Amino acid sequence: MKRRLEVSELIFKILAYTLLTAFAICCLYPFVYAISSAISGRDVVDNNEIILLPKDIQFAAFAEIFKNNAFWISYANTLFLTFYGTVFSLFVAILGGYALSKKRLLFRKGFNFILVFTMWFSAGVVPQYLNYKKTLTVFNSIGIQDTKWMIVIAMGMAAMNIILLRNAFEGVPSEIEEAAIVDGATELQVLTKVYVPMSKSTIATVGLFFGISRWNGYYWAQRMIPANHSFEWPLQVYIRRYLEDNIWNSDQGAINVEVYSLNSIVYTMVICAIIPILIIYPYIQKYFAKGVNMGGVKE
Amino acid sequence: MSSLNLINLNKIYDHNVQAVYDFNLDVNDGEFVVLVGPSGCGKSTTLRMIAGLEDITSGQLIIDGKDVTKMPPKDRDIAMVFQNYALYAHMTVYENMAFSLTLRKENSDLIHTKVMAAAEILGLTNQLNKKPKQLSGGQRQRVAIGRAIIRNPKVFLFDEPLSNLDAKLRNSMRRELLLLHKKLNATIIYVTHDQTEALTLADKIVCMSMGYVQQVGTPLELYEHPKNLFVAGFIGLPSMNFIDVQITEDGKMVCPSFEYQLSADHQRLLKDYVGKTVVFGIRPEDIVEDGDIDFKVKINENLGQSTLVHGLAKEKKLVCKFKRWCAYKQNDMIKIGFVEEKMHFFDKETTNAITEAHNE
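The structure displayed is predicted, hence computed values, not measured ones.

In terms of regular secondary structure, chain B is built from 10 helices and 19 strands. C-alpha atoms of chain B, sized along the principal axes, occupy 75 × 45 × 35 Å. Put simply, chain B has 360 residues, and 39% of those count as buried. Considering only contacts in chain B between residues 6 or more positions apart, those separated by 24 or more positions represent 66%.

This is the structure we're talking about:
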């Protein structure tokens, strides 16, 4: 039987739905606008006539992008960074989180404190930059300086994610570990065969955090990979440079612009950049929703 | 299967907290030994020391003549069943049972044969592809047992395996465990705080309290000849009644509630205690509705085949268990007496039982 809503409940529901709808529109609108701008004609875009739907539809901007090698190189770089960055970061975070979750770890409290401390106080941009640059000159000898690998390694650790994993591992009942030990598992087998599969959802969540931050990573990539290594740039840095070179610093650009506006090129890049996330997100979302709860709250 | 010797085992935690004192026990091949005692008595700690999950502070643990005191758990050839099942939630029943053999890189055909055999014994054949969360509590515990038996270990360790099950299931699982023990002829060490489980399952009971072994013996020995007040009070349900009595020169035991003429045997037993106070113990089932002690009924609890009658002998609270359906009402006055040969006496100071051996 349906229960009649109280007035206060009704007001709350109306408010909640209204606010959420407004929020959803705020999130969706820029996306729709970007698509419309990407495929609209030059004049309407340059005269800011696009409000929601595209006008004078053309796909020349997409055609132009598909021909642009530098774009696809940076796209590949971003894929590379996202894949290896996520794998490496997850590797570090899983090992770190597992060790920190064990009460028998020597100086556990101290390590946890140091870890959390970096979340409260960061060193600041300049010391961080010097740190990366100086430390990573060590890697000069193996030839990864000024390459994508620097980002993979320098950005490899994230305190928050280690804490999420630590909490997830702490949530696994100690009897399970003991059962595995009695069954004959080594420490590494306990981690890989019991803890990791049992914390799948948190690991998926943390992996998503890492993946998105690598995909969207701009600032440190731009700082650490110099312009003479532009073939190592990820997509975000490339788009920014493209804007600088072709729109902000030039009078309608170096490329021949006929049917589409230069802004359409930018929007096209934006759409290309977001597509992989749109494809992957729904698959991970089920873990994501569960994972944030599971790792964050110790049951 | 094999034997086990625990020699002077001690467990001392940080800050000098001692959980187990000088634990000595010999377990024979195929024996079902139950460690029983209240929470915090050190029984689980002892079991975990045998498993290798806790370090042994001092003492020696010998399995099959081999000193395993310092050996890691996986080399001790033991299997353990935990109270909360401790199943791997991400694996199917089959994978859970096969896990230990997979880790040992056994041949997959052999693993399959063993898993199927264990599943057959435990009635899990139709559940092999399910995940633990799809199973009932009893089935989960069976999977945990299956995981243990598949390895054919030297010793099985059970840590309160039935406490998470409801009463009915616990009874049936208890019988299954007994049958399993007979079938496998396994050496089993079983921890429980439930004395019914201890009495029904054990070949040998180790009764513990506050880290000390109080008594080791067969269930009947512990029930009929408890060594001290603790064992007398712990074993048996409802617990034994205890009354402080004074032994008089004319062979009576006297307390504010009643006077009772002791038999010649009991007088001889208590000859050193004349004029002193001792603790008299009598089990509820050893009180009869026949005698000359006045008893005022407070509560009449019918259990079907017997009746628990709670009441007062003057001010002293007593529980009686009569083997018939009684229909006493509150404040009914009845006469009770004690079964001569089932009376127990304990030294008030040492709390030890006063026995013939004591007098010799």
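Read on, since the account is not over.
Our focus in this paragraph is the overall build of chain A. The helix and strand inventory of chain A stands at 14 helices and zero strands. Taken over the C-alpha trace, chain A has a radius of gyration of 24 Å; the compact-globule value for 299 residues is 19 Å, which it surpasses by more than 25%. Oriented by its inertia axes, the alpha-carbon framework of chain A measures out at about 75 × 70 × 35 Å. Across the 299 residues in chain A, those meeting the buried criterion constitute 32%. A separation threshold of at least 6 residues defines the contact pool for chain A, and within that pool the share at least 24 residues apart is 72%.

Of the residues lining the interface, 14 residues belong to chain A; the matching set on chain B comes to 17 residues. At the level of secondary structure, the elements contributing two or more residues to the side of chain A that touches chain B comprise α9 (174-183) and α10 (187-198) of chain A. It is α9(A) that provides the largest number of residues to the side of chain A that touches chain B, a total of seven residues. Here the residues of the side of chain A that touches chain B sort into nine nonpolar, two polar and three charged.

By the element assignment, C41(B) lies in the loop between β3 (32-36) and α1 (43-51). Residues C41(B) and T196(B), 155 residues apart in the sequence, show an inter-C-alpha distance of 17 Å.

Quick look at unusual backbone geometry now. Residues other than glycine predominantly adopt negative phi, and peptide bonds predominantly adopt the trans conformation. Residues and elements named next belong to chain B. Here L237 and P238 are connected by a cis peptide whose omega angle stands at -5°. Turning to its location among the elements, P238 is positioned in the loop between α8 (229-234) and β11 (241-247). Look at M210: it is not a glycine, yet its phi comes out positive at around 50°. Considering the arrangement of structural elements, one finds M210 in the loop between β9 (204-209) and β10 (212-217). We note that K314 has phi near 55°; this positive angle belongs to a residue other than glycine. For K314, the position within the fold is in the loop between β16 (307-313) and β17 (316-322). When the 12 C-beta atoms within 10 Å are taken as the criterion, K314 is described as exposed.

Residues and elements named next belong to chain B. Strand order across the open sheet formed by five strands is β13-β12-β11-β14-β19, with antiparallel pairing between neighbours. Two strands close off the open sheet at either side, each with one partner strand: β13 (259-261) and β19 (344-347). Adjacent strand axes in the sheet meet at a mean angle of 40°, parallel and antiparallel pairs treated alike. Relative to β19, strand β14 (residues 277-282) is paired through four bridges, and the arrangement is antiparallel. The partner of G281 across the bridge, within β19, is H344.

Residue and element names in this part refer to chain B. Averaged over chain B, the pLDDT score is 92; the fraction of residues at 70 or greater is 99%. Of all the helices and strands in chain B, helix α10 (residues 356-359) carries the lowest mean pLDDT, 65, while β3 carries the highest, 96. Complex prediction metrics read pTM 0.81 and ipTM 0.84.

Moving on to the packing of helix α5 (residues 108-120) of chain A against helix α8 (residues 159-171) of chain A. Residues and elements named next belong to chain A. With their axes 9 Å apart at the nearest point, α5 and α8 run at an angle of 135° to one another. Classed by the angle they form, the pair α5 and α8 counts as oblique. As for the relative orientation of α5 and α8, their crossing is left-handed in sense. Every residue of α8 that contacts α5 at L115, V116, T118 and M119 is listed here: A159, M160, I162 and I163. In terms of residue class, the contact of α5 with α8 is built from seven nonpolar, one polar and no charged.

A few words now on the environment of G137(B). All names here are of chain B. Its place among the elements puts G137 in helix α4 (residues 137-149). A C-alpha to C-alpha distance of 9.4 Å links G137 and N84, two positions 53 residues apart in sequence. The contact partners of G137, leaving out residues within four places of it in the chain, are N164, L165 and L169.

A separate point is the domain arrangement of chain B. Residue and element names in this part refer to chain B. According to the domain assignment, chain B contains domain 1 (4-233) and domain 2 (241-359). Using C-alpha coordinates to define each centre, domain 1 is positioned 38 Å away from domain 2. Counting from both sides, the interface comprises six residues of domain 1 and, opposite them, seven residues of domain 2. Considering only residue class, the side of domain 1 that touches domain 2 consists of four nonpolar, one polar and one charged.

Definitions and limits used
- Residues numbered from 1 in each chain as written.
- Chains lettered and ligands numbered in written order.
- Predicted model: local features only at pLDDT ≥ 70, side-chain atom pairs only at ≥ 80, totals over all residues.
- Helix = DSSP H or I, 4+ residues; strand = E, 2+ residues; numbered from the N terminus.
- Buried ≥ 20, exposed ≤ 12 C-beta atoms within 10 Å, placed from the backbone.
- Contact = placed C-beta atoms within 7 Å.
- Rg over C-alpha atoms; globule rule 2.2 N^0.38 Å.
- Nonpolar A, V, L, I, M, F, W, Y, C, P; charged D, E, K, R; others polar.
- Pairing = 2+ DSSP bridges.
- Axes fitted to C-alpha atoms, helices over the stretch in contact; angles between N-to-C directions.
- pLDDT = per-residue confidence, 0-100.
- Parallel < 35°, antiparallel > 145°, perpendicular 65-115°, else oblique.
- Left-handed = near helix turned anticlockwise from the far one by under 90°.
- Domains from an automatic or database assignment.

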